[in-house]
Amino acid sequence: MPTRRSVVAGLLASAAGSQSLLAQDWPRKPIVLVHGFGAGGNADSIARVMAGELSTALGQQVVVEAKPGAGGNIASENVARSEPDGYRIIMLTGGHAVSAALYKSLRFNPVDDFAFVSLVATFPFVIATHLQSPIKSIGDLIAAAKKEPGKFTFSSVGVGSTQHLTGELFAELAGIKLTHVPYRGGMEPLSDLMGGRIDLMVDSITVTGEAIRSGTIRGLGVTSREPWPGLTQVTPIAATLPGFEVRSWNGIAAPAGTPPDVMARLNGAIAKALQVPKVREQLGFLGVQPEATPPEAMRSFIASEITRWKGIVDKAGIQRI
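Residues numbered from 1 in each chain as written. Predicted model: local features only at pLDDT ≥ 70, side-chain atom pairs only at ≥ 80, totals over all residues. Heavy atoms only, no water.

**Q** For this particular structure, what's the right way to read unusual backbone geometry?
**A** Negative phi is the rule for most residues except glycine; trans is the rule for most peptide bonds. Cis geometry marks the peptide bond from W26 to P27; its omega dihedral reads -5°. As for its placement among the helices and strands, P27 is situated in the loop between α1 (4–25) and β1 (31–35). Although it is not a glycine, A70 sits at a positive phi angle of roughly 55°. Mapped onto the secondary structure, A70 falls in the loop between β2 (62–66) and α3 (73–80). Here A70 falls in the partly exposed class, since its relative accessible area comes to 40%. (Helix = DSSP H or I, 4+ residues; strand = E, 2+ residues; numbered from the N terminus. Buried < 20%, exposed > 50% of the residue type's maximum accessible area, 1.4 Å probe, protein only.)

**Q** How should the packing of aromatic side chains be read in this particular structure?
**A** Geometrically, a pair of aromatic rings is defined through the distance of the ring centres and the angle of the planes. The final tally for this structure, using the stated rule, is six aromatic pairs. Judged by centre distance (5.9 Å) and plane angle (85°), the ring pair of F108 and F114 falls under edge-to-face. Each member of the pair, F108 as well as F114, carries the same accessibility label: buried. The structure contains a cluster of three or more aromatic residues connected by ring pairs, namely F108, F114 and F116. We note K29 situated over the ring of Y87; from NZ or CZ to the ring centre the distance is 4.8 Å. (Phe/Tyr/Trp six-rings, centres within 6.5 Å; stacked < 30°, edge-to-face > 60°. Lys NZ or Arg CZ within 6 Å of the ring centre and 35° of its normal.)

**Q** Help me understand the pairing of β1, please; the structure alone is not making it clear to me.
**A** Side chains on a regular strand alternate between the two faces of the sheet. Among the five residues of β1, five are classified as buried, and the element is accordingly described as predominantly covered. Neither face of β1 is exposed, since I31, L33 and H35 on one face and V32 and V34 on the opposite face are all buried. Of the strand pairs in this sheet, β1 and β2 are connected by five bridges, and their pairing is parallel. Of the residues in β2, the one forming a bridge with L33 is V64. Running through helix α2 (residues 42–58), the crossover from β1 to the neighbouring parallel element β2 is right-handed. (Pairing = 2+ DSSP bridges. Right-handed = clockwise from strand over helix to strand, strands pointing away.)

**Q** It is not clear to me how the packing of helix α4 (residues 95–102) against helix α11 (residues 295–316) should be interpreted in this structure. Could you clarify?
**A** Packed helices, taken two at a time, are described by their axes: the angle between them and the distance between them. Following both chains from N to C, one finds α4 and α11 inclined at 50°, their axes separated by 8 Å at the closest point. By the angle between their axes, α4 is oblique relative to α11. By crossing handedness, the relation of α4 to α11 is classed as right-handed. Across the interface between the two elements, H96, A97, V98, A100, A101 and L102 from α4 touch I302, E305, I306, W309, K310 and V313 from α11. Within the contact of α4 with α11, the residues separate by chemical class into nine nonpolar, one polar and two charged. (Axes fitted to C-alpha atoms, helices over the stretch in contact; angles between N-to-C directions. Parallel < 35°, antiparallel > 145°, perpendicular 65-115°, else oblique. Left-handed = near helix turned anticlockwise from the far one by under 90°. Contact = heavy atoms within 4.5 Å. Nonpolar A, V, L, I, M, F, W, Y, C, P; charged D, E, K, R; others polar.)

Quick look at the structure:
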């Protein structure tokens, strides 16, 4: 008669075998790549570039699905609670780590509820204003904001997003007060900036770059320590505030418990896609640098980013939500 231990061992072996068969057959149907922001924004644009090439690499269509809101946290919760079968994955942004640092509690664990596949890209942000503004530089902005605290508004892609915290960090280090106006992402902040309905925009080069290059809006400063390729006409904020630097990222993750073989296939497909010249060119135009990593390296990176942003929140005295 089988013992309890042998029954448990048999069940575990059966489950492992089922996972192995699942991984061997994967993917048998389209894959959904979720992101948490609006159409035309950084996450959406990069997700669409990657989806096209991953569809070719994996032999199944990769469909992009936006679930905007709460600085990306609605999408993160949705994927964290999905079946760990590799058919519902997410394009995370730096806001994932920022939310973990800024929110007192989340409806998911930002590390343990995910199987991190690979980073995709890194990039800085830009602070920009509209052409009718008298503000011509970061120095002008700081001087004007000190005279009229709270007068100048700045956009972000949601409360708790990296853009939000970048604006707050800039204001704290510059010794000024700015008024935050959260959006759900996408191109609406750019439209409102051009129309003069907001004073400043904190966003990626994906969103702001073409408008700056064409002279439709004015770039005041970039958050990289050095001038950023493709947007060298915008001076680093560090030239006015020494040491100021914010670099963000995009990366793909799946729900925790996704089979290792599926993870390995996804990781390999991402690394291959990021070597395709057309993909590198498209990402470069969006203002980001391609960067692939092993799953364990992405997990360690996310954990370190959460720790880093917690330190920034504490040092800058930013109130947790």
